[in-house]
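# A closer look at the structure
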Amino acid sequence: MKHSNDELIARWRGEPAPLLPLLHALHDRDGYLSDDALRAVAKGLRLPIADLFGTVTFYHHFSRQPPGKAAPRVCDGPVCKHRGTQALLQGLPGATVMPCAGRCDGPVPVLQGDLVRVGSTPDGLAEEPSPLPPPYPGDRGECVFAEIRTHDRATLAGYRSTGGYRALTAARDTMTPNEIIDVITASGLAGRGGAGFPTGRKWKAVAQAPGGPKTIVCNADEGEPGCFKDRALMDHDPHALVEGMAIAALATGATRGFIYLRYEYPQTLVILEDAIAEAQRVGLLDGFDLYVRRGAGAYVCGEETSLLNSLEGKHPFPRNRPPYPVTHGFEDRPTVVNNVETLCAVAPILRHGAAWYRDLGLGDHAGTKVISLSGDVQRPGNYEVPIGLPLRTLLHEWAGGPAPGRTIQAVTMAGLSGGLLGPDALQGTPAVTLDEPCLRARGAFLGAGGIMVFDDTRHMVELAHEAMEFFAHESCGKCFPCRIGTQRLTERLSGGGPVTLDAWTAEVTDIGDAMKATSACGLGTAAPLITDSLLRYFPDQVARHLAGRKA
Amino acid sequence: MTTHTTASTPEARELVLTMDGQEVSFSVGETLYQVSQRLRTEVPTLCYDDRLDPFGGCRLCVVEVEGQRNPVASCTTQALPGMVVHTRSERVERHRKTLLELVVSENPEARIDPLRGHASQELHHLRERYGVTGERMQGRKSGHSRPDDDNPFIARDYDQCISCYRCVRVCAEREGDYAISVKGRGFATQITVEFDGHLRDSACTFCGQCVQTCPTGALADRKALRAEARPEPIVATRSICPYCGVGCSVDLLSKGDRLVGIRPAMDGPANLGALCVKGQFAFDWVQSEDRLTTPLVRGKDGQLHPATWDEALDRAAAGFAKARDEHGQHGTYAIASGRAPHESAYAIQKFIRVSYGSNYIDNCSRA
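Residues numbered from 1 in each chain as written. Chains lettered and ligands numbered in written order. Predicted model: local features only at pLDDT ≥ 70, side-chain atom pairs only at ≥ 80, totals over all residues.

## So, the overall build of chain B
Within chain B, the secondary structure is distributed over 10 helices and 16 strands. Its C-alpha radius of gyration of 27 Å places chain B more than 25% over the 21 Å reference for a compact globule of 367 residues. Projected onto its principal axes, the C-alpha coordinates of chain B cover approximately 85 × 55 × 40 Å. The buried share of chain B, reckoned over its 367 residues, is 40%. For chain B, the share of sequence-separated contacts (at least 6 apart) that also reach a separation of at least 24 residues comes to 58%. (Helix = DSSP H or I, 4+ residues; strand = E, 2+ residues; numbered from the N terminus. Rg over C-alpha atoms; globule rule 2.2 N^0.38 Å. Buried ≥ 20, exposed ≤ 12 C-beta atoms within 10 Å, placed from the backbone. Contact = placed C-beta atoms within 7 Å.)

Below is the structure:
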């Protein structure tokens, strides 16, 4: 029997962060969000109806009319686009596109209802678990992937069979919060969502911040195209995340936690909720209320302050900083926001020690980073690399290089946010290594660790256009440079803008410079790295693009 | 040179920063933009309204703070002791010009009449100041106007909208109506109301605050625009809204001998730029064809007939006297109309108090 609006509102009204789950409940019930449902929610949660209406339209996956949720959505990320997106769109009635859905290491994902199937033709779609990371090809050792391939890892029993939850128990029984933070600080662990902020320092700031209740938020809104590492971690090792969050709560004095999960991972939602229920049943989470909240399709919600606004049911614009979430986070209380990968590294670090983690990195670099590698390489997948690993080693030795007879023309960094590295960087000396100092010196950055590979058959202006179109689609619209700049750059990469190369380049450069210097959040500052690197590495292709346009 | 010498406590004396080479003291909580305003440094902005919480959307107010890699939005950055701030560096001026080129490029060329609203010339002025011609950064336009919304007060020319959200914020923060919101995102962002409807079906109270804060005239005073074609200059005359007892300051806009519009006074002590629908839009009666131009008295036929002032006053005096004689001094109660001029309101209370010896006098706006 279908629940009424009032029943669903009563179910969620008293819960923390109720808006998204309530909207999902109605969206699930009707397949779309009707005017009536929204009016009831506005009344029930005491929200202005205009605000609620506007906020619902912000999210890509909330439908306002039938067939809505029941219609298929086909990934048109930069990698999938070359593997069958078009065929699927044409073959599936009512299908529309969705931005990269985080399955770049396999066939094209199609989301329909709460089901993700993968395939390259309408008849060939099948539900498949997300791929495990390939067998470890390195010799330095893994941290977050060290146990992920063990049998039944996603169950409590399987997780415990190799020492799972021992770190939490030990931390609870034998360590003070300060001691936990000291270990994490000494390990050199830093934000693996891309910002690279030292985790120990963040935790200390929250532990010392006045006021409460304090909150641990896990950023699982893995929206960056070409990134699918958090999905692998959550699908195959959900208890590692739960344990990491519980330890973060102990260290900071937090009493509640949220996992903010991207909409496109419905199966992951079930896996996480099962894991949390299992851990709660045996008392592992006593004193720490942990909830999963599902996003609704908005890349900018991966930006931590947009995420917090989304969680609070507000319009998901980024907030002005300072104040920072460590003092004014969820509901303006002290809040840790950490990425999945960061939190999954916590328990192994406590068990093996700070020095162990530090030594996993190469040279002066501490620890590891999971790289989601996809595109034109023989063995795509998630690879946990020692920070400082030469990019060439990853591409050619670990992942088997490009297809026979092909050469790698470019790779993206940080999914799309870090721009492109072209032939000069890939072949030149000194070799590019996977660490921020090296990459930043080349105008790129490691970010969340997505690397998409493009061989010599690809048109780089076309790729840049797709990338910019994504940023324009996902720009929240709060700040002028990003809202208008991503649009103007998209137009200039698809035939618009001045005719001469000089005037075209001047406009593209001026827009990019203003975006980098003045945008309000990372989306707007990162997007022009695409055009910067295109002009740097592929000036000939740009000139050909403009010349072809004139003809 | 220290411009502010009010700081006297030891703590306050330390609240000093340097802006464009000038040492300036500030108070806790002040933003760099507020400091710049005190120095009369003309930092440009399009999303700022000093009655609203800083938003940080237009990014035109970015300034350089020594030691920080990127410029910061001065409207959202708190002043801190020892900051060295540059508000007019070549770099920020260049970015401002690019941002203005971008924002100009999203709207079609149009002349924006000042009758549209108080702030309607802001974009135009910045465009002039930075010499933005509209030739660069061309591309698709944003926003869709709503000519279908045929309310008599507010035009919704979103073709001219630049998504600064001042209308959304003034409606929420100042009026508490929450009628206006934002649909979609990115370049497809559209200012709207609930379910994309018309203002009269929404929570809008037609106070006109959104019109007056709009920096491009995208939201416009439809009543004032009726006088757009009149050739005379716009003259503003400060007055007080007569409708209720709050005493909102208004500027009466006239062209020649015609009252053409009303604008809230941003410096009005009682209203700080706020008005309600009556104060903002209800002024047509002033020049209504239906207004009386001669006294009328009722004849034996029961109809009203034009009369001289003497006839009319005699008739009225006789009636008042009769009422007093038959019902006493408290038999008459006067209520002055909110539409009456202040002089008339004064005269009627004087009349009741002196001639009846009574305080039975009130005003319909006293609520």
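What follows continues from the structure just given.
## Some details on the interface of chain A and chain B
Contacts between the two partners involve 37 residues from chain A and, on the opposite side, 36 residues from chain B. For the side of chain A that touches chain B, the elements supplying multiple residues, two or more each, are helix H4 (49-58), helix H21 (460-474), helix H22 (480-492) and helix H23 (501-518) of chain A. Sorting elements by how many residues they give to the side of chain A that touches chain B places H22 of chain A first, with nine residues. A per-class count over the side of chain A that touches chain B returns 15 nonpolar, 12 polar and 10 charged. (Nonpolar A, V, L, I, M, F, W, Y, C, P; charged D, E, K, R; others polar.)

## Describing the pairing of strand E9 (residues 368-375) of chain A
All names here are of chain A. Across the eight residues that make up E9, a large majority, eight, are buried. Direction of pairing for E9 relative to strand E10 (residues 381-386): antiparallel, over a ladder of six bridges. Across the sheet, the residue bridging to Ile 371 is Tyr 383, located in E10. Where E9 folds back on E10, the antiparallel hairpin that results is connected by five residues. Pairing between E9 and strand E13 (residues 450-455): four bridges, direction parallel. (Pairing = 2+ DSSP bridges.)

## Considering the environment of Gly 283 of chain A
Take Gly 283 of chain A: it is sitting in the loop between helix H12 (266-281) and strand E7 (289-294). Distance in space between the C-alpha atoms of Gly 283 of chain A and His 396 of chain A is 46 Å, their sequence separation being 113 residues.

## Remarks on helix H4 (residues 122-129) of chain B
Since the α-helix turns once every 3.6 residues, residues separated by three or four places project in the same direction. Residue and element names in this part refer to chain B. Turning to H4, its buried residues are Glu 122, Leu 123 and Leu 126. Relative to the axis of H4, the buried residues are bounded by an arc of 95 degrees and lie together on one face. Opposite the buried face of H4, by more than 90 degrees, sit the exposed residues His 125 and Glu 128. Buried residues along H4 sit against helix H3 (90-105). (Arc of directions from axis to C-beta.)

## A look at the nonpolar core
Residue and element names in this part refer to chain A. Counting residues in hydrophobic clusters, the biggest one holds 261 residues, and the most contacted among them are Cys 218, Leu 241, Met 245, Ala 246, Ile 247, Ala 248 and Leu 394. Per-element tally for this core: the top contributor is helix H11 (residues 238-252), with 10 residues. Non-local contacts of Ala 248, meaning those with residues more than four positions away in its chain, are made with Trp 203, Ile 216, Ala 254, Val 336, Asn 338, Leu 343 and Val 346. (Core = buried A, V, L, I, M, F, W, Y, C linked by C-beta atoms within 7 Å.)

## Some remarks on H11 of chain A
All names here are of chain A. Between its terminal C-alpha atoms H11 stretches 21 Å, which fits the 21 Å expected from 15 residues at 1.5 Å a residue. Counting buried residues in H11 gives 15 out of 15 residues, a clear majority hidden from the surface. Directly after H11, the chain includes Gly 253, whose backbone phi takes a positive value near 85 degrees. (Expected span 1.5 Å × (residues − 1).)

## Brief notes about the sheet that holds strand E5 (residues 84-86) of chain B
Strand pairs in the sheet, formed through backbone hydrogen bonds, run parallel or antiparallel to each other. The strand order across the open sheet built from five strands is E2-E1-E5-E3-E4 (chain B), with neighbouring strands paired in mixed fashion. Both edges of this open sheet fall to strand E2 (22-25) and strand E4 (72-73) of chain B, since each of them pairs with a single strand only.

## Some details on the domain arrangement of chain A
Here chain A is partitioned into domain 1 (5-58), domain 2 (71-124), domain 3 (156-357), domain 4 (361-455) and domain 5 (460-550). Relative to domain 5 of chain A, the C-alpha centre of domain 2 of chain A lies at a distance of 27 Å. (Domains from an automatic or database assignment.)

## Quick look at the environment of Gly 418 of chain A
All names here are of chain A. Along the chain, Gly 418 falls in the loop between strand E11 (408-412) and strand E12 (420-421). You can call Gly 418 buried: it has 28 C-beta atoms within 10 Å. With 26 residues separating them along the chain, Gly 418 and Ala 444 place their C-alpha atoms 4.7 Å apart. Contact partners of Gly 418, with chain neighbours within four places excluded, come to Thr 412, Met 413, Leu 439, Ala 444, Phe 445, Leu 446, Gly 447 and Leu 529.

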